[in-house]
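As a plain string of letters, each chain reads:
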Amino acid sequence: MASIQISNLNKIYPGPKPVRALDHVDLVVEEGEFLALLGPSGCGKSTLLNILAGFETSTEGVVLFERQTIDKAGPDRGVVFQEAALFPWLTVFDNITFGPRVQGIKRAVYEQAAREMLDLVGLSDFAQSYPSQLSGGMRQRVGIARVLVMKPRALLMDEPFGALDAQTRLTMQELLLDVWQRLKITVVFVTHDIDEAILLADRVCVMSARPARIAQQIAIQLPRPRSIDDLTSPGFIRHKAEIMQVMRAAHSQKHIAAA
Amino acid sequence: MALTRRLRPDGATSSALPGVDSVTRLFSSNRANKIVAAAILPVVVLVVWQLAGPHGSLFGGVLPTPDRVAKAWYTWVFGTNSLGFNPYSGGWLDSVIFSTTRVLQGFAVAVVLGIPTGIMIGWSRLASETIDPLIQLLRPIPITAWLPFSIAVFGISSFGAIFLIALGVFYPVVINTTQGARHVERDLVRAAEMMGAGRFDILWRVVVPASLPAIFTGLRIGLGIGWTAVIVAEMIAVKSGLGYALWDAYYVGRMDVVIADMATIGLMGLLSDQIILVCERYALSWRRVNANR
Ligand SMILES: Nc1ncnc2c1ncn2[C@@H]1O[C@H](COP(=O)(O)OP(=O)(O)O)[C@@H](O)[C@H]1O
Ligand SMILES: [Mg+2]
């Protein structure tokens, strides 16, 4: 069953110089699928994700989540932000339980789930720490835990590891692979990192430069469960070569069109 | 555990003997150096001032030397409030209490009105377009210009003083709160929406805490203005308090009391600022948790 269905989606940011960010985007994300949106920065990836999240409205087109029109943000679509966007005045535990608390769920109900999520992301010892006491990677783990605790139907992640150093990024990718393997939840993952897209996703959508279109979709054949060891496997390298070629083609087409 | 962390955000372990701990810290750390450094200039000024007036006063008897000020101050504080000729024997504490109470009352009114108003202006476009222009229109009128208005409306009474103080405190509180509420990080609001927070939850659990640093800036500036306002008001619109005593002492030629009064006002201002700083440090402890790392 399709989790997300997008057809003929256009987005123009109004203003004195209107910006066309999305150009006739069509996309279907299957339930339980891990989809990566790959494209150069500024091409419109965040715009697409923000429309799915309900933060932005579309200019034209149909966007369905589980057959319903998306009109606002909600706990069924957990968003993980690039800079984590934790509440700095709340402890890790209070950040993770923010969702359940504003939804009026009783502490007895969510407390156990929150502890399990803390455990899952390896932060049980930091429940009472404040975000300013955590490293970037730890903050992002909290960002993941606080949406998982709401049992969302889909995860929307916008370059969540983009600001981390290479070592931490690998650790986080492995953590995410592990979490996804357990929960098998729909994920839309935005990145500009080819390796990251191939390693994590079932399918990679390569986006062209602005205004973004989906230039090509590539199914990633690497077996699951995966780990960062796959980064050097022959299958991985083949996919990487293929995607680089697609990206180059998408880019040069733009230049020809612009000339 | 959460509480201990809050109280000791630096994570330092306290000694088994707290008294010993604080004494050692006072003398060993650079805190002692800081106190000495801060005291140098005031001491120099006092000594020069004292030596400049060998007969107990300067400028032909206008300005009393520090020892005479200290004596007058002592009498004003500890003297018995008899029917003697010196009206400044005792009564200091009463004046301090009168003024402080007015500052607190005016401050409270301004805070209760100013913080919600600022949050609304910063958060809602409607409030910003309707309320903000009025505030910007009235703000350039200095509180001193409101004095005749205040006396006409409230008469010679505490209410007039409280009105002026509240007005003076209101502006910086409302303006700083507005700034804070206007510049809440967009992703924090989006995160809250995504987690199912309604409009009220976003205001109360996101906008207000995110604005707290700016609010405290407003409170500190406001309290300073509150002390200015109470002195002005008491000099003209009320017949008690430090401002009244200041003007009265001047009229009867008691410059020693005038200066003791000024020093009292300065100390009260300093003290109230320190109290706000302590509250701020407590309320914003999350900001400093790794400051000592
Ligand atoms: N709120 C906005 N108003 C106007 N233009 C915007 C806005 N948000 C993004 N844009 C523009 O839309 C384009 C796509 O942005 P974005 O979706 O953030 O790209 P990406 O996430 O791929 O880097 C960029 O040119 C950006 O400047
Ligand atoms: Mg982006």
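Structure first, text after, so check above.
Rules used throughout
- Residues numbered from 1 in each chain as written.
- Chains lettered and ligands numbered in written order.
- Predicted model: local features only at pLDDT ≥ 70, side-chain atom pairs only at ≥ 80, totals over all residues.
- Heavy atoms only, no water.
- Helix = DSSP H or I, 4+ residues; strand = E, 2+ residues; numbered from the N terminus.
- Rg over C-alpha atoms; globule rule 2.2 N^0.38 Å.
- Buried < 20%, exposed > 50% of the residue type's maximum accessible area, 1.4 Å probe, protein only.
- Contact = heavy atoms within 4.5 Å.
- Pairing = 2+ DSSP bridges.
- Axes fitted to C-alpha atoms, helices over the stretch in contact; angles between N-to-C directions.
- Near = heavy atom within 4 Å.
- Polar contact = N/O pair within 3.5 Å; in protein donor to acceptor, adjacent residues only side chain to side chain.
- Areas by Shrake-Rupley, 256 points an atom, 1.4 Å probe, with all protein chains shown as cover.
- Nonpolar A, V, L, I, M, F, W, Y, C, P; charged D, E, K, R; others polar.
- Salt bridge = Lys/Arg side-chain N within 4 Å of Asp/Glu carboxyl O.

A. Geometry of the overall build of chain A. Counting its secondary structure elements, chain A contains eight helices and 10 strands. In summary, chain A has a C-alpha radius of gyration of 19 Å against a globular reference of 18 Å for 259 residues, a match within 12%. C-alpha extents for chain A along the principal axes are approximately 60 × 45 × 35 Å. Relative to its 259 residues, chain A shows a buried fraction of 54%. Contacts in chain A between residues at least 24 apart in sequence constitute 69% of all its contacts with a sequence separation of at least 6.

B. Just the sheet that holds strand β3 (residues 34–38) of chain A, in detail. All names here are of chain A. One open sheet holds the six strands; their spatial order is β6-β7-β8-β3-β9-β10, and the pairing between them is mixed. The open sheet has two edge strands, β6 (77–80) and β10 (214–219), and neither has a second partner. Between one strand axis and the next, the sheet turns through 15° on average, direction left out of account. Pairing geometry for strand β9 (residues 203–207) and β10, over five bridges, is antiparallel. Looking at β10, one finds that cysteine 205 is bridged to glutamine 217.

C. Quick peek at the site of ligand 1. Residues and elements named next belong to chain A. As a matter of local geometry, ligand 1 sits amid Tyr13, Val19, Ala21, Pro40, Ser41, Gly42, Cys43, Gly44, Lys45, Ser46, Thr47 and Arg210. Note that an oxygen atom of ligand 1 is positioned 2.5 Å from one of the backbone N or O atoms of glycine 42. Between ligand 1 and threonine 47, the relevant distance is 2.5 Å, taken from an oxygen atom to a side-chain nitrogen or oxygen of the residue. In isolation ligand 1 exposes 560 Å². Once the protein is present, 65% of that is buried. Listing elements by their share of the shell around ligand 1, those giving two or more residues are β2 (19–30) and α1 (45–53). Considering every element that reaches the shell around ligand 1, the biggest residue donor is α1, with three residues. Looking at the shell around ligand 1, its residues break down into five nonpolar, five polar and two charged.

D. Geometry of unusual backbone geometry. Residue and element names in this part refer to chain A. The omega torsion across arginine 224 and proline 225 is -10°, close enough to zero to call that bond cis. In this fold, proline 225 is placed in the loop between β10 and α8 (234–258). Positive phi outside glycine occurs at lysine 184, with the angle close to 50°. Residue classification places lysine 184 among the partly exposed residues on the basis of a relative accessible area of 44%.

E. Just the pattern of salt bridges, in detail. Overall, the coordinates contain 20 salt bridges over all chains when judged by the stated rule. Between A:Arg107 and A:Glu111 there is a salt bridge whose closest N-O contact spans 3.3 Å. Of this pair, A:Arg107 and A:Glu111 both sit in helix α4 (residues 107–120), separated by four residues, roughly a single helical turn. For A:Glu111, a relative accessible area of 24% gives the class partly exposed. Across the pair B:Asp201 and B:Arg205 runs a salt bridge, and its minimum N-O distance is 2.9 Å. Residue B:Asp201 and its partner B:Arg205 are both found in helix α10 (residues 199–236); the two are separated by four residues, about one turn of the helix. For B:Asp201, a relative accessible area of 16% puts it in the buried group. The partly exposed category is assigned to B:Arg205, whose relative accessible area is 27%. Each of the salt bridges in this network shares a partner with another, and the network as a whole consists of A:Lys11, A:Glu56 and B:Arg190.

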